[in-house]
Amino acid sequence: MAPAITLAAEAPKLSAANTGFMLICSALVLIMTPGLAFFYGGMVRVKSTLNMLMMSFISMGIITILWVLYGFSLAFGTDKGSFIGWTSDWVGLSDIGLTQLWPGYTIPVFVFMVFQLMFAIITPALISGALADRVKFTAWSLFITLWATVVYFPVAHWVWGTGGWAFDLGVIDFAGGTAVHINAGAAALGVILVIGKRVGFKKDPMRPHSLPLVMLGSGLLWFGWFGFNAGSWLGNDDGVGALMFVNTQVATAAAMLAWLVYEKIRHGAFTTLGAASGAVAGLVAITPSGGAVSPLGAIAVGAIAGVVCAMAVGLKYKLGYDDSLDVVGVHLVGGVIGSLLIGLFASGKGQSTVEGLFYGGGLTQFWKQCAGVFAVLGYSLVVSAILAFLIDRTMGMRVTEDEEIAGIDQAEHAETAYDFSGAGGGIVGGSVSPLAGTQSKKVDA
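Residues numbered from 1 in each chain as written. Predicted model: local features only at pLDDT ≥ 70, side-chain atom pairs only at ≥ 80, totals over all residues. Heavy atoms only, no water.

Helix and strand content of the protein chain: 18 helices and 4 strands. Relative to the compact-globule value of 22 Å for 445 residues, the protein chain shows a C-alpha radius of gyration of 23 Å, a close match. C-alpha atoms of the protein chain, sized along the principal axes, occupy 95 × 50 × 45 Å. Going through the 445 residues of the protein chain one by one, you find that 54% of them count as buried. The long-range share in the protein chain, meaning contacts at least 24 apart out of those at least 6 apart in sequence, stands at 75%. On the protein chain, roughly 17800 Å² of surface is accessible, and the fraction owed to carbon and sulfur atoms is 68%. Where the 21 positive side-chain charges of the protein chain centre and where its 25 negative ones centre are 11 Å apart. (Helix = DSSP H or I, 4+ residues; strand = E, 2+ residues; numbered from the N terminus. Rg over C-alpha atoms; globule rule 2.2 N^0.38 Å. Buried < 20%, exposed > 50% of the residue type's maximum accessible area, 1.4 Å probe, protein only. Contact = heavy atoms within 4.5 Å. Areas by Shrake-Rupley, 256 points an atom, 1.4 Å probe, with all protein chains shown as cover. Lys, Arg positive; Asp, Glu negative; His and termini not counted. Charge placed at Lys NZ, Arg CZ, Asp CG, Glu CD.)

Now the structure itself:
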């Protein structure tokens, strides 16, 4: 009887502390999607601002419904052949008890489900930055519906689902380097190779219309990312979540500084856009690796990501693909860097005893990371391109050239981001105001 009593005492029980912590983390991850919307919205020209915001916000609607209906079951249900999951009782969340625990943890299934939902929401939203100015809103909505179903849900199962091939192989992805960032970055590349460049690419200036919005968005992303990363341990009974929290801050700071130094040397200035982009690059790179590396390792991961991502954003001009807001350069490249560096910097003192090359572990983990990285990259790139091609050939992916030039906000949403009609102008004191005639230039920027 003694062993049975011992086993019963060791069985996980619902933890109010961990449950509350995870609900807060879920809310933090959700705020990242509006943060992303502002980050992207400030980076585009005025005439595309609302469309950029809506491309993120619509993901919050569509993906939520898909996740409840079948997405959660496909991603985290009982494994089927190491590639997909399925638990019929989870369809529509119809047979989950209020206090039913996620296996091996002290939080309810509902809490795990909603935390992972927030990851599913932001991942397709990340893709939108590469497609700015030129994609029909209906086509985008259909694309993310199909993409989530045939790309994100299966890949999430590979990486995080019990029985998924990458999970069983031992690929480390603490919070989404492969499943989120490489997945989204590769998808972005696949789509833009199909739909082509914006009108005026490499000819017309396409500068951010509101750098304050960009900085606001990056700040919200940085804030929300603590829930994204630290929450992925599903509690903090052993301190690993706290390590991830610290490493998130450390790597992001290092990446921002590294990007700015590179930018100053290469271009002669420290820009706000560089600071925001560098911070996001650091957040991306530490996402898969933060539970496996030390704080000093996090500095190295962030600094490397900051420099390499800053270099990578210029590739679109050399290679001729129009990645509007550098999703490929930051998310794909940053995700690859963060995932592969686990094989070098894993300390063996964090989420597992796995050690990287620099800690005496050899290259075993590095090759495992390569397998996960390039499998996700290849699958997402090819399937996303196929989906974009099929949609383009049926309903059309792009707005017309005239609509793109005039502004996708007006064409797709019948609105504009800024109403300048009441901002002054006209006759002031019997003379023409200096502001007269300038507003149209701002609107067409």
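A few words now on the pattern of salt bridges. All chains considered together, the criterion is met by 5 salt bridges. Residue Arg198 pairs with Asp133 through a salt bridge whose shortest N-O separation is 3.3 Å. With Arg198 in the loop between helix H7 (177-195) and helix H8 (211-230) and Asp133 in the loop between helix H4 (109-127) and helix H5 (137-160), the pair connects residues that are 65 residues apart, well separated along the chain. Taken individually, Arg198 and Asp133 each receive the classification buried, so the pair is uniform in this respect. Glu404 serves as the salt-bridge partner of Arg398, at 2.8 Å between the closest nitrogen and oxygen. (Salt bridge = Lys/Arg side-chain N within 4 Å of Asp/Glu carboxyl O.)

So, about the packing of aromatic side chains. Here a ring pair, both rings aromatic, is described through the centre-centre distance and the interplanar angle of the planes. By the definition in use, this model includes 28 aromatic pairs. Summarising the aromatic geometry, the rings of Phe76 and Trp102 are spaced 6.2 Å apart at their centres and angled 85° between planes, so their arrangement reads as edge-to-face. Residue Phe76 is located in helix H3 (residues 49-76), and its partner Trp102 is located in the loop between strand S2 (84-85) and H4; the two are separated by 26 residues in the primary sequence. Assessed through its relative accessible area of 11%, Trp102 is described here as buried. Measuring from ring centre to ring centre gives 4.3 Å for Phe226 and Phe245, while their planes differ by 20°; the resulting arrangement is stacked. Of the two residues, Phe226 is situated in helix H8 and Phe245 in helix H9 (residues 240-267); the sequence distance between them amounts to 19 residues. With relative accessibility at 13%, the residue Phe226 sits in the buried group. Three or more aromatic residues link up through ring pairs in this structure, and these residues are Trp67, Tyr70, Phe72, Phe76, Trp90, Trp102, Phe112, Trp147, Tyr152 and Phe153. (Phe/Tyr/Trp six-rings, centres within 6.5 Å; stacked < 30°, edge-to-face > 60°.)

With 14 residues, helix H13 (residues 327-340) extends 19 Å from end C-alpha to end C-alpha; this agrees with the ideal 20 Å at 1.5 Å per step. Buried residues dominate H13, accounting for 13 of its 14 residues. (Expected span 1.5 Å × (residues − 1).)

What follows deals with the packing of H5 against H7. How two helices sit against one another is set out by the angle between their axes and by the gap between those axes. Where H5 contacts H7, the axes come no closer than 10 Å and their chain directions differ by 145°. Regarding H5 and H7, the two cross each other, and that crossing is right-handed. Contacts between H5 and H7 involve Phe143, Trp147, Val151, Tyr152, Val155, Val159 and Trp160 on the former and, on the latter, Thr178, Ala179, Val180, Asn183, Ala187 and Val191. Split by residue class, the contact of H5 with H7 holds 11 nonpolar, 2 polar and no charged. (Axes fitted to C-alpha atoms, helices over the stretch in contact; angles between N-to-C directions. Left-handed = near helix turned anticlockwise from the far one by under 90°. Nonpolar A, V, L, I, M, F, W, Y, C, P; charged D, E, K, R; others polar.)

Moving on: helix H11 (residues 295-312). A rise of 1.5 Å per residue sets the reference length of H11, with its 18 residues, at 26 Å; its end C-alpha atoms lie 25 Å apart and thus fit the reference within 8%. Every buried residue belonging to H11 is among Gly297, Ala298, Val301, Gly302, Ala305, Gly306, Cys309, Ala310 and Ala312, and all of these are buried. Those residues of H11 hidden inside the fold are in contact with H9, helix H10 (272-289), helix H12 (315-319), H13 and helix H14 (342-345).

On to the nonpolar core, then. Counting residues in hydrophobic clusters, the biggest one holds 119 residues, and the most contacted among them are Trp67, Phe72, Leu131 and Tyr152. Not counting chain neighbours up to four residues away, the residues in contact with Trp67 comprise Phe72, Ala75, Phe76, Met113, Gln116, Leu117, Ala120, Tyr152 and Phe153. (Core = buried A, V, L, I, M, F, W, Y, C linked by side-chain atoms within 4.5 Å.)

Turning next to the environment of Ala156. When you line up the elements, Ala156 lands in helix H5. Under the relative-accessibility criterion, Ala156 is labelled buried at 1%. With 172 residues separating them along the chain, Ala156 and Val328 place their C-alpha atoms 20 Å apart. Not counting chain neighbours up to four residues away, the residues in contact with Ala156 comprise Ala75 and Gly161.

Take the side chain of Glu263 next. Mapped onto the fold, Glu263 is located in helix H9. Of the side chains with opposite charge, Lys264 lies nearest to the buried Glu263, which makes no salt bridge, at 9.6 Å. Contact partners of Glu263, with chain neighbours within four places excluded, come to Gly268, Ala269, Phe270, Thr271 and Gly274.

What follows is about the confidence of the model for the protein chain. When the pLDDT values of the protein chain are averaged, the result is 93; 92% of them are 70 or greater. Segment residues 1-9 is flagged for pLDDT under 50; beyond a separation of four residues in sequence, or across chains, it makes 0 contacts in the model. (pLDDT = per-residue confidence, 0-100.)

Looking now at unusual backbone geometry. One non-glycine residue, Ser82, lies in the positive phi region at around 70°. For Ser82, a relative accessible area of 24% puts it in the partly exposed group. Positive phi, close to 60°, is recorded for Leu234, a residue that is not glycine. Topologically, Leu234 is positioned in the loop between H8 and H9.

The next point concerns the environment of Gly314. Along the chain, the position of Gly314 falls in the loop between H11 and H12. Residues Gly314 and Leu28, 286 residues apart in the sequence, show an inter-C-alpha distance of 32 Å.

One can describe the packing of H3 onto H5 by two numbers: an axis separation of 9 Å at closest approach and a directional angle of 45°. Classified by the angle their axes make, H3 and H5 are oblique. Both H3 and H5 take part in a crossing whose hand is right-handed. (Parallel < 35°, antiparallel > 145°, perpendicular 65-115°, else oblique.)

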